[in-house]
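# Examining the three-dimensional arrangement
Below, each chain spelled out in residue letters.
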Amino acid sequence: MKKGIPYFLMILAALVLLVQNHQDVSVGDMIFSSLGLNPWTGGSTGYHLPVIAGLALLVAGIFGTVRLYRAKYPRILSWILLACMVVIYAFPLVTRLIGSL
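This part covers the packing of helix α1 (residues 5-18) against helix α3 (residues 49-69). At their nearest, the axes of α1 and α3 sit 7 Å apart, and the two run at 150° to each other. Classified by the interaxial angle, the pair formed by α1 and α3 is roughly antiparallel. Pair α1 / α3 crosses with left-handed handedness. Looking at the contact of α1 with α3 residue by residue, the classes come out as 17 nonpolar, four polar and one charged.

This paragraph deals with helix α2 (residues 27-34). Along α2, the positions that sit buried rather than exposed are Val27, Gly28, Asp29 and Phe32. On its buried side, α2 packs onto α1, β2 (45-48), α3 and α4 (76-99). For α2, the side-chain oxygen to backbone nitrogen distance between the N-cap and Gly28 is 3.2 Å, and the N-cap itself is Ser26. Just downstream of α2, Gly36 is the residue with a positive phi angle, here 85°.

So, about the side chain of Ser26. With respect to the element layout, Ser26 can be found in the loop between α1 and α2. Separated by 3.4 Å, the side chain of Ser26 and the backbone oxygen of Leu17 make a polar contact. Looking at Ser26, its side chain comes within polar contact range of the main-chain nitrogen of Gly28, at 3.2 Å. Contact partners of Ser26, with chain neighbours within four places excluded, come to Leu17, Val19 and Gln20.

Procedures and definitions
The numbers attached to residues start from 1 for each chain and follow its sequence in the written order. Since the coordinates come from a predicted model, pLDDT governs what is reported: local features require at least 70, and pairs of side-chain atoms require 80 or more to be given and counted, while whole-chain, interface and lining totals use all residues. Water and hydrogen atoms play no part in the side-chain values, which are based on all heavy atoms of the structure. Only the stretch in contact is used when fitting a helix axis, every axis being a line fitted to C-alpha atoms; angles between N-to-C directions are given from 0 to 180 degrees. Secondary structure elements follow DSSP: runs of H or I of four or more residues count as helices, runs of E of two or more count as strands, with numbering from the N terminus. We call two directions roughly parallel when the angle between them is under 35 degrees, roughly antiparallel when it is over 145, roughly perpendicular when it lies between 65 and 115, and oblique otherwise. The crossing is said to be left-handed when, going from far helix to near helix, the turn is anticlockwise and less than a right angle, and right-handed when the turn is clockwise. Gly is placed with the polar residues, together with every amino acid not listed as nonpolar (Ala, Val, Leu, Ile, Met, Phe, Trp, Tyr, Cys and Pro) or charged (Asp, Glu, Lys and Arg). Think of it in three bands: with a 1.4 Å probe and only protein chains considered, a residue is buried below 20% of the maximum accessible area for its type, exposed above 50%, and partly exposed in between. Residues count as neighbours in contact if any of their non-hydrogen atoms are within 4.5 Å of one another. By the criterion applied in these results, polar contacts are pairs of N or O atoms within 3.5 Å in which, for protein atoms, one can donate a hydrogen and the other can accept it, and in which residues neighboring in sequence qualify only through two side-chain atoms.

Here's what the structure looks like:
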């Protein structure tokens, strides 16, 4: 297995936990609820566990990817951040289009 694949998978898993669909429901909330876990530590208040896990995975994945590929691709950090922003902003639009079919 290539060295960069685990970091890419960490970023992908983080984005899955952090994005929201067109109904403003977090995909991480849906995953936690389907596993029978409450996404909030104190009922409907407290810490939002999917966001904590998603941010931790995102930071670790970006850090590892940048550390591994910066010598070959000097602008890798800006490209990763741009791609993450595009996914986060485009996901609700895509789910709205899919839902209207």
